[in-house]
Amino acid sequence: MECALDAQSLISISLRKIHSSRTQRGGIKLHKNLLVSYVLRNARQLYLSERYAELYRRQQQQQQQQQQQQQPPHHQHQHLAYAAPGMPASTADFGPLQLGGGGDAEAREPAARHQLHQLHQLHQLHLQQQLHQHQHPAPRGCAAAAAGAPAGGAGALSELPGCAALQPPHGAPHRGQPLEPLQPGPALPLPLPPPAPAALCLRDPRASAACSAPSAPPGATPPAAAASPPASPAPASSPGFYRGAYPAPSDFGVHCSSQTTVLDLDTHVVTTVENGYLHQDCCASAHCPCCGQGAPGPGPASTTGCKRKYYPGQEEEDEDEEDAGDLGAEPPGGAPFAPCKRARFEDFCPDSSPDASNISNLISIFGSGFSGLVSRQPDSSEQPPPLNGQLCAKQALASLGAWTRAIVAF
Amino acid sequence: KLRHHSITTVTLLPDIISTVEFNHTGELLATGDKGGRVVIFQREQESKNQIHRRGEYNVYSTFQSHEPEFDYLKSLEIEEKINKIRWLPQQNAAYFLLSTNDKTVKLWKVSERDKRPEGYNLKDEEGRLRDPATITTLRVPVLRPMDLMVEATPRRVFANAHTYHINSISVNSDYETYMSADDLRINLWNFEITNQSFNIVDIKPANMEELTEVITAAEFHPHHCNTFVYSSSKGTIRLCDMRASALCDRHTKFFEEPEDPSNRSFFSEIISSISDVKFSHSGRYIMTRDYLTVKVWDLNMENRPIETYQVHDYLRSKLCSLYENDCIFDKFECVWNGSDSVIMTGSYNNFFRMFDRNTKRDVTLEASRENSKPRAILKPRKVCVGGKRRKDEISVDSLDFSKKILHTAWHPSENIIAVAATNNLYIFQDKVN
């Protein structure tokens, strides 16, 4: 099907529609927003499938380079077949969206590929800048570039969207290069019920802290990782949800380089971990949207601002033992990432600045599933009875799920 | 037979028309608009002096059916737009119709008054009550003719039964009950009882995050008072039998056509959403409208429609821009003619289409003032999809997407159609031979 718009534009248009529907007369139109969410899902799937295809290709190149450079490829690189972005059976409700294999998708969306390529190039630039900064002290948090692997290589792999730091399909243990066994964290925006475009919005490499990292979740992982914010039902179910759907960075033998970007949808804190350094609030604008959480070793990740040194060698051993539980404590939250989000979103829709912060909230809400959308339906009286008032607000919020967050956000 | 129609009336209404419906005899035609008003047209009686003149439709009654409301509890404004009007069959001198906005259904009685009682002697000329002591006789008032007055009074208000937006109402063939459908639920009402209704369909999932489809339209079977159908945003139709259980969540029949994978696109879900479903007068078929097609289904065959008609397939390559400008969400209705041989539906550029099911011929007509002289024959229109455009053709890119015909109605027995084009109501009638 020819479409004049690429996936990214569709996503931003769709989000705008959803946002504006909240203020339309007569209340939220459930039907229309449901249909828009389908477009979001479709666009996102295509976008991701293309990103992975791109990544996979780059990874292949990288592999070849490295094998020439380094002798013992002590990492068995698993070339997992690039899977079509079909949905696992558990999402039968939404129906498998057969977008075809990566190749087909690419062939069919040249515009999207071009966009991807541009993004990649921009990201490369960005990373090179970061590398410069990294070489000079004052690491600006997530601005630190990948150490270890050559910047180019890191860059290539860093292109993998933070949100794409998915669990490897079928729980295959990661066998890549020394890589941060960084958990994508509970916040992983991607693996959520289909209408979850948050992932994509995180991914813009041009945003100030957009150091997305191809962090490979360790083999065992996912469900627990997602379970770490005690609350949100959507993330909890999602990693398994998407398991097997997408090839994970780990499958590409991702470098340990660079960073993992993780967004915690419950606390709205974005954390980046790069090379074992845990950064939060690293952005000039107070909060970095691209921080991830890592569990680079035994024990849970530490609290805000704590940096952990991390040895590449350690990773390999760790990653095998690691399980999702290592993800550890979620970063103390509450920090709104809106400012960084705004920058990012505006890259997508330059003319949406007044709503951008709302939209960023919307994105995070949406990342929690469709219910965030319908939270304003005049139906709250029919929701399950609210929790015991004795629970602390945060817990209450967390356990009530996305729709409550939506109400809070607005 | 498909013939070119001549126009009888074009009426400019004060607001955008949101629904059009003939009553069961075709004598009356009701329109609802975005401002909550109902305008009823009545067909002139044919007079012996003017046998060549078919009865024209003139305004018969106008009233404000719904007002905008504000739900303070939920901070929601409730639009007054009339979503649907359905007539009840006439059982006495008065006419009854149901009209609904997003939340409230009302039963209106429309009745005529052409006589007035006169001759009361209990009041003086100024209308003041006379002192009873001065009254010595009681005069019986006499009915005297007066100018015809048509009054509409709300007889029932069926409120507070829908959480979501009402999209359909349908009168049951028992004439005692009717149903109202919103995005997730269908309620069954008795006309006499306004403070309760039965919920007969509920597709709301336990967890709204799992919502995958909504109800888009619903209708009772024309003869079997236990049977109804409802369509979904996923392009499926369910037929339910109320005798089977109180809650008809489990359908008796399920109509779905498998998707054509070669047509897959970003917008597949949107264009497969059914915007209207209508039983044929015979009750044997149902017709559904989705964004690009009209389909006719045989009730006895669930796995695919028996007929599919392309309304404006040239829009398939434009879905992206139609998504951007929201046109892809337009909900077109569809109608049967009295004999179920022709179906009609609207399109853009004020075009509407008719399909003859027997001859398989179709025609595109336009509702426009410029092309519509009182006795003119409607000229068929054609959209040029590519290549060289012929003289009278219009190219896809020239179509005016702000001029859409969403609502049409067909007289129950004659070849008279009503077409709503934004604020204009066109009534076309067959040429008199």
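An unreviewed UniProt entry lists chain B under the name Serine/threonine-protein phosphatase 2A 55 kDa regulatory subunit B, with Propithecus coquereli given as the organism. Under the UniProt heading Sequence similarities (unreviewed entry), the note attached to chain B is "Belongs to the phosphatase 2A regulatory subunit B family."

Taking an unreviewed UniProt entry as the reference, chain A is identified by name as Immediate early response 5 like belonging to Propithecus coquereli. As stated in UniProt under Sequence similarities (unreviewed entry), the record for chain A gives "Belongs to the IER family."

**Points about the packing of aromatic side chains**
Residues and elements named next belong to chain B. Summed over the entire model, instances satisfying the criterion amount to 20 aromatic pairs over all chains. Taking the centre distance of 6.0 Å and the plane angle of 80 degrees together, the rings of Phe255 and Trp297 count as edge-to-face. Residue Phe255 is found in strand 19 (residues 253-255), and its partner Trp297 is found in strand 22 (residues 293-298); the two are separated by 42 residues along the sequence. When sorted by exposure, Phe255 lands in the same class as Trp297, which is buried. Centroid distance Tyr323 to Phe329: 5.8 Å. Interplanar angle 50 degrees. Geometry classified as tilted. Accessibility assignment for this pair places Tyr323 and Phe329 in one class, buried. Joined through ring pairs, the aromatic side chains of Phe158, Tyr178, Trp189 and Phe191 make up one cluster. A cation over an aromatic ring shows up here: Arg357 above the ring of Tyr285, its NZ or CZ 4.7 Å from the ring centre.

**So, the side chain of Ser180(B)**
Residue and element names in this part refer to chain B. Here Ser180 shows up in strand 13 (residues 177-181). The class for Ser180 is buried, based on a relative accessible area of 0%. Here the side chain of Ser180 touches His162 through a polar contact of 2.6 Å, side chain to side chain. Those residues in contact with Ser180 that lie beyond four places of it in its chain are Val105, His162, Ser168, Ile169, Arg185, Ile186, Asn187 and Trp189.

**Here we look at the environment of Val294(B)**
All names here are of chain B. Tracing the backbone through its elements, the reader meets Val294 in strand 22. In this structure Val294 comes out as buried when scored by relative accessible area, which is 1%. Considered as a pair, Val294 and Ile274 are 20 residues apart in the sequence and their alpha carbons are 9.4 Å apart. Residues within four places of Val294 in sequence aside, it is in contact with Met287, Thr288, Arg289, Glu307, Thr308, Tyr309, Val311, Ile343 and Thr345.

**Examining the pattern of salt bridges**
Inspection of every chain in the model, using the stated rule, returns 36 salt bridges over all chains. We note a salt bridge from Arg25(A) to Glu80(B), for which the minimum N-O separation is 2.7 Å. In this pair, Arg25(A) is assigned in the loop between helix 1 (7-21) and helix 2 (30-69) and Glu80(B) in the loop between strand 7 (76-78) and strand 8 (84-87), connecting two distinct chains. Residue classification places Arg25(A) among the partly exposed residues on the basis of a relative accessible area of 35%. For Asp290(B), the salt bridge identified is with Lys295(B), shortest N-O distance 3.7 Å. For Lys295(B), a relative accessible area of 15% corresponds to the buried category. Here the salt bridges share partners, and the residues they tie into one network are Arg25(A), Lys29(A), Glu77(B), Glu79(B) and Glu80(B).

**Regarding the sheet that holds strand 15 (residues 198-202) of chain B**
Residues and elements named next belong to chain B. Sheet architecture is open: four strands sit in the order 12-13-14-15, paired in antiparallel fashion. The sheet is open, and its two edges are formed by strand 12 (168-171) and strand 15, each paired on a single side. With strand direction ignored, the average angle separating the axes of adjacent strands in the sheet is 20 degrees.

**Observations concerning the sheet that holds strand 22 of chain B**
All names here are of chain B. Pairing within the open sheet is antiparallel, and its four strands lie in the order 20-21-22-23. Lying at the two open borders of the sheet, with one neighbouring strand each, are strand 20 (276-279) and strand 23 (307-310). Each neighbouring strand pair of the sheet contributes to a mean axis angle of 15 degrees, computed without reference to strand direction.

**Points about the confidence of the model for chain A**
Residue and element names in this part refer to chain A. On average, chain A scores 48 in pLDDT, and the residues at 70 or more come to 16%. Here residues 136-270 is modelled with pLDDT under 50, and outside its nearest four sequence neighbours on either side it reaches 513 contacts, counting other chains as well. Across residues 273-410 the pLDDT falls below 50, and counting only partners more than four positions away or on other chains, this stretch makes 358 contacts in the model.

**Here's the deal with the pairing of strand 10 (residues 105-118) of chain B**
Residue and element names in this part refer to chain B. With six bridges connecting them, strand 9 (residues 95-100) and strand 10 associate as antiparallel partners. Across the sheet, residue Thr100 finds its bridge partner in strand 10, namely Val105. Taking the residues that link successive antiparallel strands as the turn, the strand 9-strand 10 hairpin has four residues. Pairing between strand 10 and strand 11 (residues 142-158): 13 bridges, direction antiparallel. Paired with Ser111 across the strands is Glu151, a residue of strand 11.

About the thresholds
- Residues numbered from 1 in each chain as written.
- Chains lettered and ligands numbered in written order.
- Predicted model: local features only at pLDDT ≥ 70, side-chain atom pairs only at ≥ 80, totals over all residues.
- Heavy atoms only, no water.
- UniProt positions renumbered as here; feature names shortened; annotations may be inferred.
- Phe/Tyr/Trp six-rings, centres within 6.5 Å; stacked < 30°, edge-to-face > 60°.
- Helix = DSSP H or I, 4+ residues; strand = E, 2+ residues; numbered from the N terminus.
- Buried < 20%, exposed > 50% of the residue type's maximum accessible area, 1.4 Å probe, protein only.
- Lys NZ or Arg CZ within 6 Å of the ring centre and 35° of its normal.
- Polar contact = N/O pair within 3.5 Å; in protein donor to acceptor, adjacent residues only side chain to side chain.
- Contact = heavy atoms within 4.5 Å.
- Salt bridge = Lys/Arg side-chain N within 4 Å of Asp/Glu carboxyl O.
- Pairing = 2+ DSSP bridges.
- Axes fitted to C-alpha atoms, helices over the stretch in contact; angles between N-to-C directions.
- pLDDT = per-residue confidence, 0-100.

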